[in-house]
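The residues making up each chain are set out below.
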Amino acid sequence: MIVDFWFDPSCPFTWTTSRWLVEAATVRPITIRWRLLSLAALNEHLEVNPEGDTEGYLWYPARICAAVQEGYGTAALGAFYAAFASRTDWDAAAALAEAGLPLELAEAATSERYDDELRASTARGIAKVGPHVGTPILAVGDTACFGPVLSRVPEGEAAGRLLDAVLVIAGTPGFHELKGPPPPEV
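The following paragraphs examine the structure supplied in this document. (Residues numbered from 1 in each chain as written. Predicted model: local features only at pLDDT ≥ 70, side-chain atom pairs only at ≥ 80, totals over all residues. Heavy atoms only, no water.)

## Brief notes about the nonpolar core
- Counting residues in hydrophobic clusters, the biggest one holds 56 residues, and the most contacted among them are F7, W20, L21, V68 and F80.
- In terms of residues, this core owes the most to one element, helix α3 (residues 59–85), which gives 14 residues.
- Setting aside residues no more than four positions away along its own chain, F7 makes contact with T14, W34, R35, L36, L37, C65, L77, Y81 and T135. (Core = buried A, V, L, I, M, F, W, Y, C linked by side-chain atoms within 4.5 Å. Buried < 20%, exposed > 50% of the residue type's maximum accessible area, 1.4 Å probe, protein only. Helix = DSSP H or I, 4+ residues; strand = E, 2+ residues; numbered from the N terminus. Contact = heavy atoms within 4.5 Å.)

## Looking at the side chain of T16
- Positionally, T16 belongs in helix α1 (residues 12–24).
- Ignoring sequence-local partners within four residues, the contact set of T16 consists of L150, S151, R152 and V153.

## Section: the pattern of salt bridges
- Considering all chains together, one arrives at 11 salt bridges under this definition.
- A salt bridge links R33 to D4, with the shortest nitrogen-to-oxygen separation between them at 2.6 Å. Here the residue R33 occupies a position in strand β2 (residues 31–36), and D4 occupies one in strand β1 (residues 2–7), the gap between them amounting to 29 residues.
- Here R124 and E117 are joined by a salt bridge, their closest N and O atoms 2.6 Å apart.
- With relative accessibility at 44%, the residue R124 sits in the partly exposed group. (Salt bridge = Lys/Arg side-chain N within 4 Å of Asp/Glu carboxyl O.)

## Brief notes about the pairing of β1
- Of all six residues in β1, five are buried; the element is thus mostly enclosed.
- Where β1 and β2 come together, six bridges link them in parallel fashion. Residue W6 lies in a different strand from β2, and its bridge partner there is R35.
- Regarding the hand of the β-α-β motif, the stretch spanning β1, α1 and β2 is right-handed.
- As paired elements, β1 and strand β3 (residues 137–140) share three bridges and run antiparallel to each other. Looking at the pairing, D4 lines up with A139 of β3. (Pairing = 2+ DSSP bridges. Right-handed = clockwise from strand over helix to strand, strands pointing away.)

Written out as structure tokens, the structure is:
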């Protein structure tokens, strides 16, 4: 089963969800196809940026991700994302090195060369669920949903059961939204 996963590399909730999906892949026969959903592209037309990114810094890691995907494919994109998003310093060069990718890819951060593809990929993800969401988006064939938004990563079979449940819920005709209580303050 192929799971398409749209993510923005700067979103911490998306990072947690991505780690759940990687964990679920250890107990379910899934292949993750990493897709880009740029919050910078999604919000660029808004008068007030909901991410508070008035300087456009969220474009930088998304552009590097786009360069990785174009040059090396979705598996390399997943490896770079794992290395980048696990860092607290946003050091793209260190993440590229950790993922075994050329350091020159970091130069994409300030280039607008990938912006049209980022917009198009974002639009493809949003088209799966509608314009009222952001990242992450998960899709298996015609079944798609925003999220799930997680505050911790389920392990082992619990990760697999959550994937099973998400697909059943998202595939139910008329399904729109499901939310739980917010995570406790730490």
